[in-house]
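Structural overview for review
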Amino acid sequence: MESMKKIYCEGDLAYLVDSVQRGERFNGKAHALFRKIVAAHNASVEAEKRFEVGEIGIENRDVILSGQDEGEEDPDVGLIDYEQIAINSVADEWLTSYDYIQTCLIDYCGGYLRTRKVGDTVYLDLLKDYGNTAAQEIEFGVNLLDLTEEFAAEDIFTVLIPLGDENLTIASVNRGSAELIDEEAVAQYGRILKTHVFSSVSDPNTLLENARRFLANHDNFPRTITVKAVDLHAPDLPRARH
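Residues numbered from 1 in each chain as written. Predicted model: local features only at pLDDT ≥ 70, side-chain atom pairs only at ≥ 80, totals over all residues. Heavy atoms only, no water.

**Some thoughts on the overall build of the protein**
- The helix and strand inventory of the protein stands at 5 helices and 14 strands.
- Across the 242 residues of the protein, 31% fall into the buried class.
- Considering only contacts within the protein whose residues lie at least 6 apart along the sequence, 72% involve residues at least 24 apart. (Helix = DSSP H or I, 4+ residues; strand = E, 2+ residues; numbered from the N terminus. Buried < 20%, exposed > 50% of the residue type's maximum accessible area, 1.4 Å probe, protein only. Contact = heavy atoms within 4.5 Å.)

This is the structure in structure tokens:
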């Protein structure tokens, strides 16, 4: 009656939800996969929804999408191919371009998507980090709206099985065991196994060193702190205290 409306606004990253990536195999580098995804997106949407590949700042890791693997034994060596189990593969699925980038690149290599416009061209960047941050402080009673802390139990592991090329393990240099054990975590949570693949590692001593470093740097008691705050970094925005 009063001509009031609600309008929901999305950024141009939402264009990536309007296209679908074919479920198919891929064996190559992360940067090449990102370019392939953008090209496939552009081929299936209108001109105003297309992107030019911009900056790629993530690690250019090997990416293997080889289909779902149920952990069957390799008939040649009689061993389970743990490396293929550990690879996050979506080769048998058709996902939106946004979900495909999230699953195959960001979840695997890290990073953030960003768009920027230069003239009439919109670039899609895949960056390791944004490169700049707001210097404003988050203060209770000023701009802090909510603060929550959560523990992610599904991310906890207590025993690491590191894997190198061709299912290489550390057993030969770790007293016959392929496992690295976090004794403190085992005492608290019990034995929870996790595999991690270290690409291009063919020496067991190097694999053991990398695995120890991975275990030492991994936060095995993961927690997430979520902060909701009002953005007050604009220079002339008044700040009222309550």
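**Side note on the layout of surface pockets**
- In this structure, the second largest pocket occupies an estimated 180 Å³ of space.
- In terms of lining, the second largest pocket is formed by K29, E59, N60, R61, D62, Y108, H196, V197, F198, S199, S200 and F214.
- Classifying every residue of the lining of the second largest pocket by side-chain character gives 4 nonpolar, 4 polar and 4 charged. (1 Å grid on protein atoms, 1.4 Å probe; cavity = no way out; pocket = protein on both sides within 12 Å on 5 of 7 lines; lining within 4 Å. Points joined across faces, edges and corners; volume = space filled by probe spheres on them. Nonpolar A, V, L, I, M, F, W, Y, C, P; charged D, E, K, R; others polar.)

**Here we look at the nonpolar core**
- Counting residues in each nonpolar core, the largest one holds 22 residues, and the members touching the most others are L33, F34, I101, L105 and L113.
- Broken down by element, the residue count for this core peaks at 6 residues, all from helix α3 (residues 97-109).
- Beyond its immediate sequence surroundings of up to four residues, L105 is in contact with A30, L33, F34, I37, Y100, G110 and L126.
- Ranked by size, the runner-up nonpolar core spans 11 residues in total, among them L160, L168, V201 and A211. (Core = buried A, V, L, I, M, F, W, Y, C linked by side-chain atoms within 4.5 Å.)

**Describing the packing of helix α1 (residues 30-42) against α3**
- Contact geometry of α1 with α3 gives a least axis separation of 11 Å together with a crossing angle of 170 degrees. Between α1 and α3, the crossing angle belongs to the class labelled roughly antiparallel. Together, A30, L33, F34, I37 and H41 of α1 and S97, Y100, I101, C104, L105 and C109 of α3 make up the contact between the two elements.
- Looking at the contact of α1 with α3 residue by residue, the classes come out as 9 nonpolar, 2 polar and no charged. (Axes fitted to C-alpha atoms, helices over the stretch in contact; angles between N-to-C directions. Parallel < 35°, antiparallel > 145°, perpendicular 65-115°, else oblique.)

**As for the sheet that holds strand β13 (residues 193-197)**
- Within the open sheet, the 3 strands sit side by side as β12-β11-β13. Their pairing is mixed. Whereas interior strands pair on both sides, the edge strands pair on one side only; in this sheet they are β12 (180-181) and β13.
- Of the pairings in the sheet, the one linking strand β11 (residues 159-163) to β13 comprises 5 bridges and is parallel in character. Bridged to V159 within β13 is L193.
- The sheet strands contacting helix α5 (residues 204-217) are β11, β12 and β13, and the helix crosses β11 at an angle near 140 degrees. (Pairing = 2+ DSSP bridges.)

**A look at α1**
- For α1, which comprises 13 residues, the first-to-last C-alpha distance of 19 Å matches the rise-based estimate of 18 Å (1.5 Å per residue) to within 8%.
- Those residues of α1 that sit buried are A30, H31, L33, F34, I37, V38, H41 and N42. (Expected span 1.5 Å × (residues − 1).)

**So, the pairing of β11**
- Burial within β11 is extensive, with 5 of its 5 residues counted as buried.
- By the alternation rule, side chains of β11 split into V159, I161 and L163 and L160 and P162, which are all buried.
- As paired elements, β11 and β12 share 2 bridges and run antiparallel to each other. Paired with V159 across the bridge in β12 is I181.

**Describing the pattern of salt bridges**
- A complete count under the given rule lists 10 salt bridges for this structure.
- A salt bridge links E46 to K49, with the shortest nitrogen-to-oxygen separation between them at 3.7 Å.
- Here K49 falls in the buried class, since its relative accessible area comes to 18%.
- Measuring nitrogen to oxygen at the nearest pair gives 2.8 Å for the salt bridge that ties R114 to D125. (Salt bridge = Lys/Arg side-chain N within 4 Å of Asp/Glu carboxyl O.)

**Describing the environment of P204**
- Along the chain, the position of P204 falls in helix α5.
- The spatial distance from the C-alpha of P204 to the C-alpha of G164 is 8.0 Å, given a sequence separation of 40 residues.
- Residues contacting P204, with those up to four places away along its chain left out, are L168, T169, I170, S172 and V173.

**Quick notes on a nonpolar patch on the surface**
- A surface patch of nonpolar side chains, about 380 Å² in accessible area, is lined by I138, L147, I225 and V227.
- Residue position: V227 is located in strand β14 (residues 223-229). (Patch = residues over 30% accessible without salt bridge, like charges linked within 9 Å, V, L, I, M, F, W, Y side chains within 5 Å. Areas by Shrake-Rupley, 256 points an atom, 1.4 Å probe, with all protein chains shown as cover.)

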